[in-house]
Amino acid sequence: MDEKKPSRMYFIGKKEDLIQAKRTTVTLDGRDILLLYHQRTFYAMDLQCYHAGSTLETGDMEEINSKLCIVCPKHKYKITLAEGEGLYKATNPTEKVPTPRWYSKGIKQRVHKVTEVDEDIFVSVSTCPVWIESDYYQSEKGRAELKKAQESGDAEADVNADEDV
Ligand code: FES
């Protein structure tokens, strides 16, 4: 992505229609994006989960440490709606009484800017030049991998599925 290129605002639809729909998928600048409406706010993020490319469209919502998250339907990874941060639960074995806590993996899912103008909703695709893991499934190689997995009966390699989520 070119950091100097200004981010174009794409008209997605009328606010009321998108509130009714709750979740809408669009392809902008060749990127599959999920626009969702939750607790009176619109969010936009890459549609395919950074972990193994499953669609986030049907993910449940959860609040963790005061952050709203989408839970990937495939392996239940938690992703914050506002930042695209991956959260996981773990215990610190050096603690006297190890207590499970939520930790951050950092930004894993690319999020995009949503703008409302006169009841119309626009999305600007993120042009942040830093590589974010969900970028992989927006690439030719990542899409080819997903297609191959789907053709072979979704025999996706669940190599990371045993991580604490
Ligand atoms: S594909 Fe989303 S958690 Fe594995």
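Parameters and conventions
- Residues numbered from 1 in each chain as written.
- Predicted model: local features only at pLDDT ≥ 70, side-chain atom pairs only at ≥ 80, totals over all residues.
- Helix = DSSP H or I, 4+ residues; strand = E, 2+ residues; numbered from the N terminus.
- Contact = placed C-beta atoms within 7 Å.
- Core = buried A, V, L, I, M, F, W, Y, C linked by C-beta atoms within 7 Å.
- Buried ≥ 20, exposed ≤ 12 C-beta atoms within 10 Å, placed from the backbone.
- Pairing = 2+ DSSP bridges.
- Axes fitted to C-alpha atoms, helices over the stretch in contact; angles between N-to-C directions.

Under an unreviewed UniProt entry, the name given to the chain is Rieske domain-containing protein, and the organism recorded is Danio rerio.

A. Main features of the environment of Ile12. In this structure, Ile12 sits in strand β1 (residues 9-14). Along the sequence, Ile12 and Thr25 sit 13 residues apart, while their C-alpha atoms lie 9.6 Å from each other. Dropping the residues within four chain positions of it, Ile12 is found in contact with Leu18, Thr24, Val26, Leu35, Ile121, Phe122 and Val123.

B. The nonpolar core, seen in detail. Core analysis: the biggest nonpolar cluster contains 25 residues, and Leu34, Leu35, Tyr43 and Ala44 have the highest contact counts within it. Counting residues per element, the ones that place at least two in this core are β3 (31-38), β4 (41-46), β6 (67-71) and β11 (120-124). Those residues in contact with Tyr43 that sit more than four places away from it in its chain are Leu36, His38, Leu81, Ala82, Val111 and Val114.

C. Structural context of unusual backbone geometry. With phi around 50°, Asp29 is a residue other than glycine that occupies positive phi space. If you trace the backbone, Asp29 turns up in the loop between β2 (23-28) and β3.

D. View of the sheet that holds β3. Read from one edge of the open sheet, six strands run β1-β11-β10-β4-β3-β2, paired in antiparallel fashion. Edge positions in the sheet fall to β1 and β2, since each has one partner strand and no second. Mean inter-strand twist for the sheet, computed between neighbouring axes without regard to direction, equals 30°. As paired elements, strand β10 (residues 111-117) and β11 share five bridges and run antiparallel to each other. Each residue of the ladder has a partner; that of Lys113, found in β11, is Ser124.

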